[in-house]
Amino acid sequence: MVKRSTWSLPYLIFMVMFVVLPLLLIVLYAFQDGSGHFTLSNITRFFTDSDSLSTFAVSVEVAIENTLICVLLGYPAAWILANRKLNRSAVTVVLFIMPMWINALMRTLATAELFNMLGFTLGKGTLLFGMVYDYLPFMIYPIYNTLMKMDNSYAEAAEDLGAAPWTVFWKVTVPLSLPGVMSGVLMVFMPTVSTFAISEFLTNNKIKLFGTIIQENINSSMWNYGAALAFIMLIIIGITSFFGESRQDEAEGGLI
Amino acid sequence: MTNDYIIDIQHLSKSFGDVKVLDDINFYVRRGEFVTLLGPSGCGKTTLLRQIAGFIAPDEGRILLEGKDISGIPPYKRPLNTVFQRYALFPHLDVFDNVAFGLKLQNVPAKEIEVRVKKMLKMVSMSDYEDRSVDSLSGGQQQRVAIARALVNYPKVLLLDEPLAALDLKMRKDMQMELKEIHRKMGITFIYVTHDQEEALTLSDTIVVLNEGRIQQIGTPADIYNEPVNSFVADFIGDSTILNGTMICDRRVEFMGHEFDCVDEGFGENVPVDVVVRPEDVYIMNQLEGAQFSGVVQSCIFKGVHYEMFVETDKGYELMVQDYNSFEPGSTVGLLIRPSDIQVMRKERTCNTLEAEVEDDKHVNMLGCSWECEVPSEFAPGDKVLAEVAFDKVDLWDNQADGKLGGEVHFLLYKGNHYHLTVLTDDGDHLWVDTNDIWDKGDLVGIDIAPSDIKLRRRDG
């Protein structure tokens, strides 16, 4: 008889080949010089190179700004979508989520063309616009999910205890939907740090992001330094996601 | 004239879509009273409570709080608080902050909040739980916190929506006693919603019995139990045998094939009535001497305090009897009912009376379809008439397609030797049916009426 655990073998092989091995290779390359000897110079180079550091700072700044704008735009949108009085049809929800189904590269290229046609100068403004456009659905959906699942009796209980609608919103709805917001923040913040296509197309590489310099290094065959940068980014993503997880251990309604 | 009504509900009606959930509700609540809205699920009791709380606006009618109409006032401005069925404690706040929620909104000074919250938690025996998260509490503990959270605001009326429904039996009994004690200590008016008749009888000063959106009876627990006004109330509250009877004259009633002395007057002579006999009011004995009638014991079950027996009487009626002594199934027993224990109720109807329209000399239209029947020559096509159909002349079929129209068994009542069913047709009309067949609530049935059983008469006025 075949043990049931053997069913997971194909997935295990897949995981090893496409997740574990590449990650090991990144670590391996990050700590090697061009001739294959162990070194820490790739890492120290990043922390001493003001160009890399400032690119990193810009990346984080853009990611924070993008996440903030997504929360500010996404929360009200999710709230309206989840409100049965304001939105009676599931179609509206699908319309908001639909951009997620279209390749981000295509949307970004189209946005860039649109800006060119309208004569906008490409720069930070267009970059943020493109990022918000790309990532907003990832913010809306988890928040919408939490709001939809929220028991209406909490809001009623608050109202019953004397809270006007606005107070109910701030004292009950918002705190109870925070797990959804956290989930959305992770979904938006982490990919924005590592993106390079959006900045390439929407700023004509005027603004370089962390993802951009990794890509440039790898493209110009500087594998070791590129791997070191990727390694640093992985650690940062790991920390943020761990930080996020621990804060929402019992969170319901994430995107995944 | 001033009265002491803290809540006065006048002509309240509410529909959800086509369904009339509440129909012309009128009752008042005195200051400090414990009033229970009692009824089966779907009777409109929760809707009524939610209208008082302000979550649902009435279609018609007014709700007066201390003489002032509060119908247009949003819930957060009403000096009333609710204990919700599923507690609805805020999961992001601890026990203390849950209870303090209302007081903080009123900007009560922090010191006073602390004093009042602690006092209230002490009252519901939750003093040591202030810092606990609500998720870590048991159902009973959450219920206590929910009660404290509502009462700490000193509401003019406390509304309770089936607060004990989710607790197990033992805990429910304990909480009932505690609720009664809290009510006595605080002196706050309670309006309590439940479907549990025992709970209502235990807790209330006044019970309002609701069914299908209408008030059936308002009275003290003793009134409702001893003198139900109709067969619904008699059946819903406590155990009972409901029988068809005839009021022969004042203080004399016939049922189960025998004549009995009773204490009821003013029904008229030879008027059909419903008779309620409570099982604990039937005297059962081994000898026939001194008995009014005899019967044979069919079954005997020990119920803890008493035995519950079903006795087939000499005229073939089934009667439920409760007694401290057991009687062997198969044994012949003598039975006696005292005049004051016989509750006589006016019948709500003696046959089905339906609105109909004559189609031609052989057909009428009623209940949304065309029926063959004998149309008297005095009626012409298009005449609006009344059709009468006796209860036992309505035929029910297992298969909806076998009948002329479909329906659902909505309510059933055993009347000693037959069942009296309320059938809701697909179009929402009511039909009452007497049958010997056994149906269950919710059964889908086909309905048919033989042409000769439809009697037409002129509409009055």
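Being a predicted model, the structure only gives us computed values, none of them experimental. (Residues numbered from 1 in each chain as written. Chains lettered and ligands numbered in written order. Predicted model: local features only at pLDDT ≥ 70, side-chain atom pairs only at ≥ 80, totals over all residues.)

S.K.: So what exactly am I meant to see when it comes to the sheet that holds strand β2 (residues 19–30) of chain B here?
M.R.: Backbone hydrogen bonds hold the strands of a sheet together, and the pairing may be parallel or antiparallel. All names here are of chain B. Pairing in this open sheet of four strands is antiparallel, and the strands run β2-β1-β4-β5 from one edge to the other. A single partner strand is all that each edge strand has here, and the edge strands are β2 and β5 (68–69). By the bridge criterion, five bridges tie strand β1 (residues 5–16) to strand β4 (residues 60–65) in an arrangement that is antiparallel. Counted as the bridge partner of Q10 is R62 from β4. (Pairing = 2+ DSSP bridges. Helix = DSSP H or I, 4+ residues; strand = E, 2+ residues; numbered from the N terminus.)

S.K.: Where do I start with the nonpolar core in this structure?
M.R.: As a rule of thumb, nonpolar side chains are buried together in soluble globular proteins. B:I52, B:V99, B:A148, B:L159, B:I191, B:V253 and B:V275 are the most contacted members of the largest nonpolar core, which totals 102 residues. The element that contributes the greatest number of residues to this core is helix α4 (residues 139–151) of chain B, accounting for six residues. In this view, B:V275 contacts B:L243, B:G245, B:V253, B:F255, B:I342 and B:V344; residues no more than four positions away in its chain are not counted. Counting 45 residues, the second-largest nonpolar core is a separate cluster that includes A:V185, A:I207, A:A227 and A:L229. (Core = buried A, V, L, I, M, F, W, Y, C linked by C-beta atoms within 7 Å. Buried ≥ 20, exposed ≤ 12 C-beta atoms within 10 Å, placed from the backbone. Contact = placed C-beta atoms within 7 Å.)

S.K.: What should I look at first to understand the sheet that holds strand β8 (residues 189–194) of chain B in this one?
M.R.: Residues and elements named next belong to chain B. Pairing is mixed across the open sheet formed by six strands, whose spatial order is β6-β7-β8-β3-β9-β10. The sheet is open, and its two borders are formed by β6 (80–83) and β10 (214–219), each paired with just one other strand. Within the sheet, the average angular offset between the axes of one strand and its neighbour, ignoring direction, is 20°. Pairing between strand β3 (residues 34–38) and β8: five bridges, direction parallel. Residue pairing for β8: T36 is matched across the bridge by Y192. (Axes fitted to C-alpha atoms, helices over the stretch in contact; angles between N-to-C directions.)

S.K.: Quick question: what am I supposed to make of helix α3 (residues 110–123) of chain B here?
M.R.: Along an α-helix, residues three or four positions apart point the same way, because every turn accommodates 3.6 residues. Residues and elements named next belong to chain B. With 14 residues, α3 extends 20 Å between its outermost C-alpha atoms, agreeing within 8% with the 20 Å of an ideal straight helix rising 1.5 Å per residue. Those residues of α3 hidden inside the fold are in contact with α2 (95–105) and α4. Of the residues flanking the end of α3, it is S125, one or two places downstream, whose phi is positive at about 55°. (Expected span 1.5 Å × (residues − 1).)

S.K.: Can you walk me through the interface of chain A and chain B in this structure?
M.R.: Across the contact, 14 residues belong to chain A and 16 residues belong to chain B. Elements supplying a minimum of two residues to the side of chain A that touches chain B: α7 (152–160) and α8 (165–194) of chain A. Per-element accounting of the side of chain A that touches chain B gives the leading share, six residues, to α7(A). For the side of chain A that touches chain B, the class distribution of residues is eight nonpolar, three polar and three charged. (Nonpolar A, V, L, I, M, F, W, Y, C, P; charged D, E, K, R; others polar.)

S.K.: I tried to follow the packing of helix α3 (residues 50–82) of chain A against helix α6 (residues 124–149) of chain A on my own but got confused; where do I start?
M.R.: A packed helix pair is summarised by two numbers, namely the angle formed by the two axes and the spacing between the axes. Residues and elements named next belong to chain A. The interhelical angle for the contact between α3 and α6, taken along N-to-C directions, is 45°, at an axis separation of 7 Å. Between α3 and α6, the angle falls in the class oblique. As α3 packs across α6, the resulting crossing turns out to be right-handed. Of the residues that constitute the contact of α3 with α6, the class distribution is 23 nonpolar, two polar and one charged. (Parallel < 35°, antiparallel > 145°, perpendicular 65-115°, else oblique. Left-handed = near helix turned anticlockwise from the far one by under 90°.)

S.K.: Would you take a moment to explain unusual backbone geometry for this structure?
M.R.: Glycine aside, residues mostly have negative phi angles, and peptide bonds mostly take the trans form. Residues and elements named next belong to chain B. Phi is positive for E66, close to 50°, though the residue is something other than glycine. If you trace the backbone, E66 turns up in the loop between β4 and β5. The backbone phi angle of Y87 is positive, close to 65°, even though this residue is not glycine. Inspection of the secondary structure puts Y87 in the loop between β6 and α2.

S.K.: Even after reading the chapter, I still don't get the environment of B:K170, so can you show me in this structure?
M.R.: Locating B:K170 in the fold gives a position in helix α5 (residues 169–186). B:K170 sits 204 residues away from B:E374 along the chain, and the two C-alpha atoms are 61 Å apart.

S.K.: For this particular structure, what's the right way to read the environment of B:V277?
M.R.: Residues and elements named next belong to chain B. The residue V277 is located in strand β14 (residues 271–277) in this model. Look at V277 and you get buried, because 23 C-beta atoms sit within 10 Å. Setting aside residues up to four positions removed in sequence, V277 forms contacts with S240, T241, L243, V282, L319, I337 and I342.

S.K.: Explanation requested: the confidence of the model for chain B in the structure shown.
M.R.: As a general rule, the predicted coordinates of low-pLDDT regions are not to be interpreted in detail. Confidence along chain B averages 91 in pLDDT terms, with 99% of residues attaining 70 or more. Scored as a whole, the predicted complex attains pTM 0.81, and scored at its interfaces, ipTM 0.79. (pLDDT = per-residue confidence, 0-100.)

S.K.: Would you take a moment to explain the packing of α2(B) against α4(B) for this structure?
M.R.: Residues and elements named next belong to chain B. Relative orientation of the contacting elements α2 and α4 amounts to 30°, with a least axis distance of 7 Å. In this view, α2 runs roughly parallel relative to α4, as classed from their interaxial angle. Once α2 is placed against α4, the crossing between them reads as right-handed. On α4, the residues touching V95, N98, V99, F101 and G102 of α2 are V145, A148 and R149. Here the residues of the contact of α2 with α4 sort into five nonpolar, two polar and one charged.

S.K.: For this particular structure, what's the right way to read the confidence of the model for chain A?
M.R.: Residues and elements named next belong to chain A. For chain A, mean pLDDT is 86; residues scoring 70 or higher make up 94% of the total. The lowest-confidence element of chain A is helix α11 (residues 223–247), averaging 81 in pLDDT; the highest-confidence one is α7, averaging 93. Contacts of residues 249–256 to residues separated by more than four positions or lying in other chains number 19 contacts, the stretch itself having pLDDT below 50.

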